[in-house]
Amino acid sequence: MLVAGVDSSTQSCKVQIHDAETGRLVREGKAPHPDDTEVDPTAWWTALQDALARAGGLQDVAALSVGGQQHGMVCLDGRGDVVRPALLWNDTRSDQAARQLTEELGGAATWAAELGLVPVPSFTVTKLRWMRDHEPDLADATEAVCLPHDWLTWRLRGDRGLPELTTDRSDASGTGYWSAVTGSYRPDVLATAFGREVVVPRVAGANEQVGTTTDGAVVLGPGCGDNAGAALGLGAVPGDVVISIGTSGVVSAVSEVAATDPSGTVAGFADATGRFLPLIATINAGQVLAAACRLLRVDFDELSRLALEAPAGAAGLVLVPYLQGERTPDHPDATGSLLGLTLETMSPPHLARAAIEGLLCGLADGVDALAGQGCRVDRVLLVGGGAASEAVRRLAPAVLGVPVHIPPPAEYVARGAARQAAWCLAGGGEPPAWSVPDTVVSEGGPDPRVRRRYDEARGHWLSRQRA
């Protein structure tokens, strides 16, 4: 029996077909998405159809689940038509709205205690406030709000009735109006943000069958947010911290308890199994490496080779890598800084090393924040495109201070969604026991000098931002 998993990410749509019992990958397909911070959702639907066709179709598939980029605001009118292009997680225009909502509803401590997170521009609730204030006609036309994976599942079912929208705990927990702490929507928060209540998706159970495709042939699972899907695809358990270096940088951990961080650094999301997935996300991750490559006019392999030529700490050269604003810490209008330039450090190897160490230091701050929320940190699972860099793999243990396990390159969000689809067929209290990917272990003693110098540079950067 075969199952399908979809990863509708920022950049593309990936479809994987797996054996439901063993998890063996049978075939796959991929199609691109538009490159922007706001996208017409119909582009995702077109890409999904293309990716399904390239994966050989669904004629022999029993179940499918959709994993998707979190937070994207999909607004529908009373007929179910899309009202405006979806604002994606990396659109920061709602920064002021986030600050307003934080104050209007009791401050950061209240948000953390009651909803598990503190508003930042990524979250859907802030985008709804922005829309209310800046596009009132479109806001008036909106009758329902959902997320990218919710909308795709709805389209796969062929439903046009707004009450038939469904979501899951993991994606709902990133909206800002569903509480991972209580496991329920907060209509008062939604009404405060948008000015009135609208239809929102029903939150389905972790392995609930939410319907079938239009021909009735394929069972549909509830789907999940991309980070929850990756954790499920990796087989992550408490004690595992997953670091993904892709378009964004994500640090997350499977936990038995909800996170409530009043600083807003840790977002108290839910996972795809009924547990929790406290998470830190940074806007600047893989694109920092890409920018360093452009600056030095090299490819990723050469950037890695250059970085390994320079000494640990790049002889004091530090990149604070907030190249397009930042979500964690919450500085949406920030710019980056390169500090410590000397005749010695003004060289390609030092610049390459500073870029990679700056990226890793930002992620290490995330690991520390998870530990501060009571998460066990036994090992790090390093995934995403950035994990292909030899320098990233070799330098990570010294910066992060724990063993780093590198699973083989794979589409873990799509794999996790497929595992969820298999779970929907099998039933039971836990997902099917698919084999865990073999990992390469990178170990090395922590080098506190790197983090210490980064902290000093960031403090200098922060004082300049405040001036």
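The notes below deal with the structure included here. (Residues numbered from 1 in each chain as written. Predicted model: local features only at pLDDT ≥ 70, side-chain atom pairs only at ≥ 80, totals over all residues. Heavy atoms only, no water.)

So, about the packing of helix α12 (residues 348-372) against helix α13 (residues 390-400). Relative to each other, α12 and α13 sit at 45°, their axes nearing to 9 Å. Judged on the interaxial angle alone, α13 and α12 are oblique. The two elements α12 and α13 meet at a crossing, and its hand is right-handed. Between α12 and α13, the contacting residues are Arg 353, Ile 356, Glu 357, Leu 360, Cys 361, Leu 363, Ala 364 and Val 367 on the first element and Ala 391, Val 392, Leu 395, Ala 396, Val 399 and Leu 400 on the second. Taken together, the residues of the contact of α12 with α13 sort by class into 12 nonpolar, no polar and two charged. (Axes fitted to C-alpha atoms, helices over the stretch in contact; angles between N-to-C directions. Helix = DSSP H or I, 4+ residues; strand = E, 2+ residues; numbered from the N terminus. Parallel < 35°, antiparallel > 145°, perpendicular 65-115°, else oblique. Left-handed = near helix turned anticlockwise from the far one by under 90°. Contact = heavy atoms within 4.5 Å. Nonpolar A, V, L, I, M, F, W, Y, C, P; charged D, E, K, R; others polar.)

Okay, the layout of surface pockets next. Empty space among the atoms becomes apparent when a probe as large as a water molecule is rolled across them. As a volume, the largest pocket reaches approximately 1200 Å³. When grouped by side-chain class, the residues that make up the lining of the largest pocket number 23 nonpolar, 20 polar and seven charged. One number sums up the size of the second largest pocket: a volume of about 260 Å³. Along the walls of the second largest pocket sit 14 residues, with Thr 10, Asp 35, Asn 90, Thr 247 and Gln 287 positioned nearest its centre. Within the lining of the second largest pocket, the residues separate by chemical class into three nonpolar, nine polar and two charged. (1 Å grid on protein atoms, 1.4 Å probe; cavity = no way out; pocket = protein on both sides within 12 Å on 5 of 7 lines; lining within 4 Å. Points joined across faces, edges and corners; volume = space filled by probe spheres on them.)

Quick look at the packing of aromatic side chains now. Under the counting rule described, the total for this entry stands at two aromatic pairs. Ring centres of Phe 123 and Phe 269 lie 6.0 Å apart, and the angle between their planes is 70°; this geometry places the pair in the edge-to-face category. Of the two residues, Phe 123 is situated in the loop between α3 (108-115) and α4 (124-134) and Phe 269 in strand β18 (residues 267-270); the sequence distance between them amounts to 146 residues. Classification of Phe 269 by relative accessible area gives buried; the value is 2%. Ring centres 6.4 Å apart and planes at 20° place the aromatic pair Tyr 177 and Tyr 185 in the stacked group. Taking relative accessible area as the criterion, Tyr 177 reaches 3% and is therefore assigned buried. Over the ring of Trp 45 we find Arg 155; its NZ or CZ atom is 4.4 Å from the centre of that ring. (Phe/Tyr/Trp six-rings, centres within 6.5 Å; stacked < 30°, edge-to-face > 60°. Buried < 20%, exposed > 50% of the residue type's maximum accessible area, 1.4 Å probe, protein only. Lys NZ or Arg CZ within 6 Å of the ring centre and 35° of its normal.)

In a packed pair of helices, the relevant descriptors are the angle between the two axes and the axis-to-axis distance. Viewed as axis vectors pointing N to C, helix α2 (residues 95-104) and α4 meet at an angle of 105°, and their least axial separation amounts to 8 Å. Judged by the inter-axis angle, α2 sits roughly perpendicular to α4. Of α4, the residues touching α2 (which contributes Ala 97, Ala 98, Gln 100, Leu 101 and Glu 104) are Val 125, Thr 126, Arg 129, Trp 130 and Asp 133. Counted by class, the contact of α2 with α4 contains five nonpolar, two polar and three charged residues.

This part takes up the side chain of Thr 102. Examined against the element boundaries, Thr 102 turns out to sit in helix α2. Each residue touching Thr 102, except ones within four places of it in the same chain, is listed here: Gly 107, Ala 108, Trp 111, Val 118 and Pro 119.

Another point: α4. Among the 11 residues in α4, eight count as buried, and that is most of the element. All of the buried residues along α4 are Thr 124, Val 125, Thr 126, Lys 127, Leu 128, Arg 129, Trp 130 and Met 131. On its buried face, α4 is in contact with β6 (74-76), β7 (86-87), α2, α5 (136-141), β8 (144-146) and α8 (187-194).

Counting buried residues along strand β5 (residues 61-68), seven of its eight residues qualify, which places the element largely inside the surrounding structure. Pairing of strand β1 (residues 2-8) with β5 involves seven bridges; the strand directions are parallel. When the bridges of β5 are listed, Asp 7 appears paired with Gly 67. Bridge count for β5 against strand β15 (residues 224-225) is two bridges, and the pairing is parallel. In the strand pairing of β15, Gly 67 is matched with Cys 224. (Pairing = 2+ DSSP bridges.)

Quick look at the pattern of salt bridges now. As enumerated under the stated definition, the model contains 28 salt bridges in all. Note that Asp 81 and Arg 79 form a salt bridge whose closest N and O atoms lie 3.2 Å from each other. Accessibility expressed as a relative area gives 30% for Asp 81, which makes it partly exposed. Taking relative accessible area as the criterion, Arg 79 reaches 58% and is therefore assigned exposed. Of the charged contacts, one joins Arg 93 and Asp 91 as a salt bridge, the two residues approaching to 2.8 Å between their closest N and O atoms. (Salt bridge = Lys/Arg side-chain N within 4 Å of Asp/Glu carboxyl O.)

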